[in-house]
Amino acid sequence: MAALGEEFYEIGGYFVMNGNERVCRMTIAQKRNIPMVMRRSIKSHDKVSPNKVCIRSVKSGYQIIQWLLLDPVGGKLIIRIAVKGDYHIDFFLILKALFNATEKQLCDLLVGNREENPTLFEMFQFLLRNRSPEDRLMSHHEARIELGSRFAKEQSEDPLQSCKTFLDDFLLIHLDNDLDKFNALIFACRRLLLLQVGQIQPDDPDSFHLHEITTPAIVCGTLLQNVLSTALKHSFSYSKKLVSKNEKSSTRKSKSGTEANPAVPKDPNENTIHSPKLWNLVLARCMGNVGPAICTAVSTGNFPVSFVEKVWLNAFSGIFITANRINMLQFMSHFRVAHRGQQFADGKLLEPRRLKPTSWGFICPVHTPDGTLCGLVNHITASTRISDQCNRDLVKNIPRVCKELGMLDDSSPPLVPVLIEGATIGGFPRDQVDEFVQQLRVRKVLGEEIPSTLEIAYHKFSRFDNTQHPYVFLGVSECRLVRPVNYLPLGKIEYISPFEQAHLHICLDKDSFIKGKTTHQESSKTNILSVLGNLTPFSEHNQSPRNIYECGMAKQSMANPMFSADFRSDTKIFKLETPQKPIARTFMQSEIAVDDYAFGTNAIVAVVSHTGHDMEDGMIMCKDSMQRGFAYASVYSTEKATMPSDGSFLTSVDPNTNVDRQFDTVDSHGLPRIGEFIQPSDVFYSRYDVEKGDVKIVPWKQEKTIIIDRVTAVSGEATRGNVGNAQNVKANIMTRLPVPPNIGDKFASRHGQKGICSLLVPAVDMPFSSSGIVPDIIINPNAFPSRMTIGMLIESMAGKSGAIHGTMSDASTFGTSEGFNETHTPVAHFGKKLAHAGYNYFGSEILIDGTTGEEMKAEIFIGIVYYQRLKHMVIDKYQSRSDLGPIDQKTKQPIKGRKRGGGIRFGEMERDALLSHGTAGILRDRLLHCSDDSHAWMCKRCGRFFNVHVFQQGGQKFRVVCSSCKSDRFVDLVQIPAVFTFLVRELAGLGIDLSLKE
Ligand SMILES: [Zn+2]
């Protein structure tokens, strides 16, 4: 890849659209092909049961969501299908049309032994009784005609044919034949009835074991399908129109008898779609839209969706997002994120955000944004993969293998049914299922006869929870999340899905192993964490929210963002010039190439309250460290040199006179020289404007002095190497802004401990240790007690011991690599190493104050912590305002916006802070002089000022009179905020008189 000018570690998987890298987000969807019983909240006047079953039926990327509703008052079972309109159809009618079963047979399938479960039998009887007599007597054939006539598009259509179309294409499309569909409906209905009589609990729609992932491939496939089918529909109607139009014109011609050239033989296909001429017309008109439609979807993230596809994707905007390359961690995260769905983002629903135990090992509990999207934007764990479709040849073997293991053909209750992706293939007596599932799992792990990616989920019988209706579900579809765990009986890795995991007993280590129950063991304790979650050292010693903050901050830290920057024109690149590998490192650091994209620097950190400048998360930094390159960064940004009109081109030479204008910073091509310092209002580039007929300059408008890093000519002949002569050339000018650490810049350790640099102290004035070590950073001890980031303290010791002994220190979460535990603690481990080298066991040292030369009274904790420099810098944020700043014309208040020299809100809290300090003078300056200071005439007697009128008396003389007091004796000029006069006038408009008293 490097040879092609691309990133060496390029992973791909995104679109490049107008120079932006657009990623398709993964979304979480309901698990396919399995009925989910739910209880919805209903209002008391709704005369329906709160219970329902929902099946998301998916076949080769196409999906239909179906609901089975129960209406106990009307005593009716209804299937709701939202395809090409919203249909409510009687459940028993569909059953009858699918398979000719008697009521006795239905009873056997739905209820089983009626003596064993009399409540369910009553429920079943009730539903049957409520059907109208003619429905009950309907035969299989009659049912199909009845159903077909409802779906026939036209009167002439054969009802039997339209019934077949409906059953094949719109009902449970994941199943191939009527009998499978019949059985699947029976299965779903049995669950619904059991829920209705209270023998099972409803499924939790937010629980992760009932979820799967909508992958980019499916999104893009749907997009293509959608766009193409629209184009085909268009071309069909357009070709029809063309044919009829041609026919008309040809009949008219033959009538008038003036055929152009009767000698030319007539094309027999002329007026049909087979005519190439007509076909070309159709293609040009209708297919031209396919490409642009896909481009729009990718570049805006908005989908051109019809009704069906809306149901499909849950979210239909914001599916494509621009991938950010602040650093590699940020970029990589785009590909491992699963969005819960746009519909939850606006609501204040708590349930979809909750971290459910069923997501253990699949969704990282730490790596989620805080705030509005908390819990909705989930990151999958480092070990999780997304399953592919199972090998089709091996899938065919599954029923045979199940038969070999003793499966019966019958699946009616009380037998436990076995389903493959919703299709019932047989059943087992309840006491044999355990043995069967074990045997099947062994064959799965061996992976010879049946696919090793098979999903074997056995919902066991239990009196207490959801499963008085046990069943075995075998999944073979794609889009499942799977993760590796050790299958203990064989000692091999098995990939399990959340649906399987919910019913397995997996131990963490020997201590949690239960004989006869445990079948699996976690391969690592860190399996619950995402890639980013795994990068935080000693994160098990931190308070959880701090680890969440760190996952957010790691993505904003400056780093080496890419190696291919020379071949790219990103709008903005933050580059840390002196990145380092961390000394305290986790196993993940080596597993992915994060060292090549290092996102921080090892800093010597002293924890001491020093000079007061380190209070409230301020940090004192050593100026000499900064000058040596500590956390030194550059900001690269690309500016485009554009043309005002066609025919204009870049140059500093006037083509009319051939005179070079010789601007200071620009060469004869009109482009700035590489390495040139460009100051505010310097010439940035110059171009010949055809309309004005003159060479015009474009000045550098920003307030920062930048350095020209690279000039790339783009478009036209310029790419072939003749910049100067090429007409209509554009150029990308890459500028560089060196940003050394400055007071006000933001830094953070890897433990959610962020701080602002508050003071740069020369090394001579910094405290130093007995060996002459000067800290790079001083932070305040008060940062620790309330935040409880013990991991940072341990990292400090680990970094220090690593630096002394010349080794890297293992800081993996849960001490997985080094084998830390309750008895062998990291503090003891690194403490001993420090003591061995002659240092204090706990990492503290006596420091000497650089300003006084005296020993500090307390021992100071000092060590090495990996610090990140975050992209938020004071040069992008500082704002100031004087009394001459721009104001809003109506209210006379300062306008908003940093760029325009506007004001920032000086709110109540700020006001109170100044008042409590007794600095009222500043308050007057901020809220009056630099804001909406104004003067107004006022009558001191009546306390009003909007009825004071100024009369001109010729020349400079004028007289000011109060119209209420009819006098000018009490009128005086006062200084007030302009909004106050505004308020008085508004109140006057409401008929409220406001007067002031002295
Ligand atoms: Zn007055």
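Residues numbered from 1 in each chain as written. Predicted model: local features only at pLDDT ≥ 70, side-chain atom pairs only at ≥ 80, totals over all residues. Heavy atoms only, no water.

The name given to the chain in an unreviewed UniProt entry is DNA-directed RNA polymerase subunit beta, with Percolomonas cosmopolitus as the source organism. Checking UniProt for the chain, the heading Catalytic activity (unreviewed entry) contains the comment "RNA(n) + a ribonucleoside 5'-triphosphate = RNA(n+1) + diphosphate". (UniProt positions renumbered as here; feature names shortened; annotations may be inferred.)

Engineer: So what exactly am I meant to see when it comes to the coordination of the zinc ion here?
Structural biologist: Note on metal sites: the ideal angle is 109.5 degrees for four tetrahedral donors, and 90 or 180 degrees for six octahedral donors. Around the zinc ion, the protein contributes the donor atoms C939 (SG), C942 (SG), C962 (SG) and C965 (SG), which lie 2.2 to 2.3 Å from the metal centre. Considering all four donor atoms around the zinc ion, the spread of angles at the metal, 103 to 114°, places the coordination shape in the tetrahedral class. Counting residues between consecutive donors of the zinc ion along the chain gives the motif C-x2-C-x19-C-x2-C. Taken as a pair, C942 in the loop between strand 42 (933-939) and strand 43 (948-952) and C965 in the loop between strand 44 (958-962) and strand 45 (971-977) lie far apart in primary sequence, 23 residues in all. The same class applies to C942 and to C965, which are both buried. (Donors = N, O, S within 2.8 Å, 3.2 Å for Na, K, Ca; no water. Tetrahedral: all angles 85-135°; square planar, octahedral: opposite > 155°, others 65-115°. Helix = DSSP H or I, 4+ residues; strand = E, 2+ residues; numbered from the N terminus. Buried < 20%, exposed > 50% of the residue type's maximum accessible area, 1.4 Å probe, protein only.)

Engineer: Could you clarify how one ought to interpret the UniProt feature "domain: RNA polymerase Rpb2" (unreviewed entry) in the chain in this entry?
Structural biologist: The feature "domain: RNA polymerase Rpb2" (unreviewed entry), as given by UniProt, occupies residues 75-209, 322-386 and 902-996 in the numbering adopted here. When the span residues 902-996 is considered, its composition is 36% helix and 25% strand, and the gap between its end C-alpha atoms is 31 Å.

Engineer: Sorry, what's going on with the pairing of strand 2 (residues 20-24) here?
Structural biologist: Each regular strand shows side chains that alternate between the opposite faces of the sheet. Judged by how many residues are buried, strand 2 sits mostly within the fold: four of five residues are covered. The sheet contact formed by strand 1 (residues 15-17) and strand 2 spans three bridges and is antiparallel. The partner of M17 across the bridge, within strand 2, is N20. Taking the residues between adjacent antiparallel strands as the criterion, strand 1 and strand 2 are bridged by two residues, where N18 takes a positive phi near 55°. Sheet analysis places strand 2 next to strand 10 (residues 320-322), joined by three bridges and oriented antiparallel. By the bridge assignment, C24 is partnered in strand 10 with F320. (Pairing = 2+ DSSP bridges.)

Engineer: What is the right way to look at unusual backbone geometry in this model?
Structural biologist: Excluding glycine, residues mostly have negative phi values, and the peptide bonds linking residues are mostly trans. At N33, a position not held by glycine, the phi torsion is positive, near 60°. Mapped onto the fold, N33 is located in the loop between strand 3 (26-30) and strand 4 (36-39). With a phi angle near 50°, E616 is a residue other than glycine that sits in the positive phi range. Of note, E616 is situated in the loop between strand 24 (601-607) and strand 25 (618-622).

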